[in-house]
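Topology and contacts: notes
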Amino acid sequence: MEIQRFLKVSPHSFAFSHVASVAEGLNYLKNRKHDLILLDAAMLKESNFFMFKHEKAKENIPVIMLSELNEQDSKRQAEIAGAADYMAKNEINLFHLQKTIMTVLKLNET
């Protein structure tokens, strides 16, 4: 995945885990401490999504949603997910991804 490649070469030394489903994400949330979640909008359709949303809210973990949709639809999906920000997948580059992650993490600290 290109996003993983971006994060590996980042000077910020991000540590990350990748999950393939909401159910797997729920397991990670229950068993590990996370500072931020990059959420693929495609996962919003999974049946466990509302359980995921509840769990991440309980832990106060910020979400950056990644979407292939247009700006209007992306904003709506980000609101549904409780996301702090969203990014269009086709517009992600290393600088923008790092900047967005760092901004959301700083905002969540306050």
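Let me sum up the structure you'll find in this document. Note that the coordinates shown come from a computational prediction; the quantities given were computed from them, not determined experimentally.

A few points about the environment of A20
Within the element layout of this structure, A20 appears in the loop between helix 1 (2-8) and helix 2 (22-31). Overall, the relative accessible area of 59% leaves A20 in the exposed class. Residues A20 and Q98, spaced 78 residues apart in sequence, show a C-alpha to C-alpha distance of 22 Å. With residues near it in sequence (within four places) discarded, A20 still touches M43 and E46.

Topic: helix 5 (residues 94-109)
In a regular helix each residue adds 1.5 Å, so 16 residues correspond to 22 Å; helix 5 covers 23 Å between its end C-alpha atoms and thus fits that length. For helix 5, the set of buried residues is L97, Q98, T100, I101 and V104. Projected down its long axis, helix 5 shows its buried positions confined to an angular sector of 165°, all on one face. Across helix 5 from its buried face, at more than 90 degrees, point the exposed residues F95, K106, L107 and E109. The inward-facing, buried residues of helix 5 contact helix 1, strand 1 (37-40), strand 2 (63-67) and strand 3 (85-88). Taking the backbone nitrogen of F95 as reference, a side-chain oxygen 3.1 Å away marks N93 as the first, capping residue of helix 5.

As for the sheet that holds strand 2
Ordered by their spatial adjacency, 3 strands build an open sheet running 1-2-3, and the pairing between neighbours is parallel. Edge positions in the sheet fall to strand 1 and strand 3, since each of these pairs with one other strand and no more. Within this sheet the neighbouring strands show an average axis-to-axis angle of 25°, counted without direction. Each of strand 1, strand 2 and strand 3 touches helix 5; the most contacted strand, strand 3, lies at about 170° to it.

Looking at helix 3 (residues 49-59)
Listed as buried for helix 3 are F49, F52, E55 and K56. With its buried residues spanning 125° around the axis, helix 3 presents them on a single face. Opposite the buried face of helix 3, at more than 90 degrees from it, the exposed residues are F50, H54 and K58. Within two residues after helix 3, N60 carries a phi angle of roughly 55°, on the positive side.

How each quantity is defined
Residues numbered from 1 in each chain as written. Predicted model: local features only at pLDDT ≥ 70, side-chain atom pairs only at ≥ 80, totals over all residues. Heavy atoms only, no water. Helix = DSSP H or I, 4+ residues; strand = E, 2+ residues; numbered from the N terminus. Buried < 20%, exposed > 50% of the residue type's maximum accessible area, 1.4 Å probe, protein only. Contact = heavy atoms within 4.5 Å. Expected span 1.5 Å × (residues − 1). Arc of directions from axis to C-beta. Polar contact = N/O pair within 3.5 Å; in protein donor to acceptor, adjacent residues only side chain to side chain. Pairing = 2+ DSSP bridges. Axes fitted to C-alpha atoms, helices over the stretch in contact; angles between N-to-C directions.

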